[in-house]
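What follows is each chain in one-letter form.
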Amino acid sequence: MEDRRKAYAQSGIAALCVLIALASLAAFTGKGPLGDNPYRSYTLQALAWLDGRLDLGMNYTWLELAIYEGRYYVSFPPFPSVVLLPFAAVFGENTPDHLISWGVTLLGVIYACRLTREVRGKSSLFSVLYLYLANGYLFIALQGWVWFLAQSMCFTLSLMALTHAKRGEGVRAMAFWACAVGCRPMVIVYLPLLMVLLVQANRRRDALAKPRAVWLLPAVCIGGGYMLLNALRFGNPLEFGHNYLPEFMNSEAGQFSLSYLPANLAECLRLPQTGGMGGALRFYTYGCMAFWLVSPLLLSFVLAWGGAFVRRMRGNWTVRGLLPLLALAHLLIVLCHRTMGGWQFGNRYLVDLMPWLFYGLLVLTPQEREEWHAPLFCLGLVMNLVGTVATYNSWIG
């Protein structure tokens, strides 16, 4: 394991690089961290809680609100509002959601560096920058809009859960995973991976170590809090509110259905159109596009996974077998959703997979072979920088 001073320096450099990228995007788009946030659903929910009510008290027509028994509720899982509570108590409706989102991102960068050290024994600036700058994350990190803030928090919390699981710290790993589920429920599928990592880490310390029920205690408490809130709001402990959005209530197939899969899969594979000004390509800003153009880490993982079999790499069955199955389950759930992210650049929902595939890529790719992924990194970097600027600058609303 590299010395602490060098580790801190690597984390600082990585965070600075990501901060420079975000500041550059803000300069080109005008979407800075101190701007107004019209999509501040989580702040409004936190303010409602501070006022002693679970609903918002009125309709905000431009927000995605669940309508239940004549009342209006935030339809998204609640954990981000928990984080915003102290800020909302101080700043009210002027809570700096965008700035908080940037802070969440930088915390995630630090944890990504820690995860590389846990896996490889030393930091990897290339891998961390590949994760953050070339895989769709920049687009959602730039603004603290309700949809994006939840994903930024889930991204960081996933990295935190993986890092502490790799260290064998079960209580922390499970707590952070449960918090991530409270941002993006689909990451619940990765519980088996975290449990296996915890068992492996503790067996290395003690050959007689057994799975510990206490690890699940924070997750049970946090999950119980979600269920209680859901029951109080919607009379169903498993209902976060999305099913009471008008768009899903008016849909015959509802929020999730296998009938959505073919069209969604086609969107994730479609190439940009031709016919733009001067013959330029025209990229989609609604729905999805070819995943490998905007999230090439997914392709890097597949290539590394295949390479492990070619090299007859033994061990690491959690990454060679379990992780791909869980990621496929996550992807299947995403593809069965009625929408694939709405207005966006790239494949916003696929961003939730990236921290988990990042861990797998670290395990499967020796650090001395990282440069093999450099072409895909460059492709993703350019696409995300240019695409983010172009998409935000074409936004009207």
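Each remark here, short or long, concerns the structure printed above.
Here we summarise the structure given alongside this text. The shown structure was predicted, so the numbers you read here are calculated from the model rather than taken from an experiment. (Residues numbered from 1 in each chain as written. Predicted model: local features only at pLDDT ≥ 70, side-chain atom pairs only at ≥ 80, totals over all residues. Heavy atoms only, no water.)

### Things to note about the packing of helix α1 (residues 4-29) against helix α5 (residues 125-133)
Axis separation between α1 and α5 bottoms out at 10 Å; the angle between their running directions is 30°. Here α1 is positioned roughly parallel relative to α5, judged by the angle of their axes. The way α1 lies across α5 gives a crossing that is right-handed. Within the contact between the two elements, α1 uses Gln10, Ile13, Ala14, Cys17, Val18 and Ala21 and α5 uses Leu125, Val128, Leu129, Tyr132 and Leu133. (Axes fitted to C-alpha atoms, helices over the stretch in contact; angles between N-to-C directions. Helix = DSSP H or I, 4+ residues; strand = E, 2+ residues; numbered from the N terminus. Parallel < 35°, antiparallel > 145°, perpendicular 65-115°, else oblique. Left-handed = near helix turned anticlockwise from the far one by under 90°. Contact = heavy atoms within 4.5 Å.)

### Regarding empty space enclosed by the protein
Under the defined criterion, the tally for this structure stands at one cavity of 30 Å³ or more. By volume, the largest cavity amounts to about 40 Å³. In this structure, the largest cavity is lined by Arg120, Phe126, Ser127, Tyr130, Leu361, Thr365, Glu370 and His373. A per-element tally of the lining of the largest cavity places α5 first, with three residues. Counted by class, the lining of the largest cavity contains three nonpolar, three polar and two charged residues. (1 Å grid on protein atoms, 1.4 Å probe; cavity = no way out; pocket = protein on both sides within 12 Å on 5 of 7 lines; lining within 4 Å. Points joined across faces, edges and corners; volume = space filled by probe spheres on them. Nonpolar A, V, L, I, M, F, W, Y, C, P; charged D, E, K, R; others polar.)

### A closer look at the layout of surface pockets
Empty space left among the atoms is revealed by rolling a probe the size of a water molecule over them. Computed from the structure, the largest pocket encloses a volume of approximately 1200 Å³. Every residue lining the largest pocket is counted, 47 residues in all, and those nearest its centre are Phe76, Pro77, Pro185, His242 and Gln255. For the lining of the largest pocket, the secondary structure elements donating two or more residues are α7 (146-166), α8 (170-181), α10 (217-234) and α11 (246-249). In terms of residue count, the dominant contributor to the lining of the largest pocket is α10 (seven residues). Among the residues making up the lining of the largest pocket, the classes are represented as 30 nonpolar, 12 polar and five charged.

### Observations concerning the pattern of salt bridges
Considering all chains together, one arrives at seven salt bridges under this definition. Residue Glu370 pairs with Arg120 through a salt bridge whose shortest N-O separation is 2.4 Å. Of this pair, Glu370 sits in the loop between α16 (354-364) and α17 (374-393) while Arg120 is found in helix α4 (residues 97-120), placing the two residues 250 residues apart along the sequence. There is no split in this pair, since Glu370 and Arg120 are both buried. The partner of Arg167 in a salt bridge is Glu169, with the nearest N and O atoms 3.1 Å apart. The class of Arg167 is partly exposed, set by a relative accessible area of 29%. One salt-bridge network, held together by shared partners, links Glu118, Arg167, Glu169 and Arg172. (Salt bridge = Lys/Arg side-chain N within 4 Å of Asp/Glu carboxyl O. Buried < 20%, exposed > 50% of the residue type's maximum accessible area, 1.4 Å probe, protein only.)

### Points about a nonpolar patch on the surface
A cluster of nonpolar side chains, Leu16, Leu19 and Ile20, forms an exposed patch at the surface whose accessible area comes to about 260 Å². Secondary-structure assignment places Leu19 in helix α1. The exposure class of Leu19 is partly exposed, given its relative accessible area of 33%. (Patch = residues over 30% accessible without salt bridge, like charges linked within 9 Å, V, L, I, M, F, W, Y side chains within 5 Å. Areas by Shrake-Rupley, 256 points an atom, 1.4 Å probe, with all protein chains shown as cover.)

### With respect to the side chain of Gln151
Looking at the secondary structure, you find Gln151 in helix α7. Exposure remark for Gln151: the relative accessible area of 0% places this residue in the buried category.

### What about the environment of Ala88?
When you line up the elements, Ala88 lands in helix α3 (residues 79-91). Sequence separation of Ala88 and Leu245 is 157 residues, and the distance between their C-alpha atoms is 25 Å. In this view, Ala88 contacts Ala46, Leu47, Leu50 and Thr95; residues no more than four positions away in its chain are not counted.

### Remarks on the nonpolar core
Formed by 114 residues in total, the largest nonpolar core has its most connected members in Leu131, Tyr132, Leu159, Trp177, Tyr190, Trp356 and Phe358. Counting residues per element, this core draws most heavily on α7, at 14 residues. If you look at the next biggest cluster of nonpolar residues, it comprises seven residues, including Met186, Val334, Leu335 and Tyr349. (Core = buried A, V, L, I, M, F, W, Y, C linked by side-chain atoms within 4.5 Å.)

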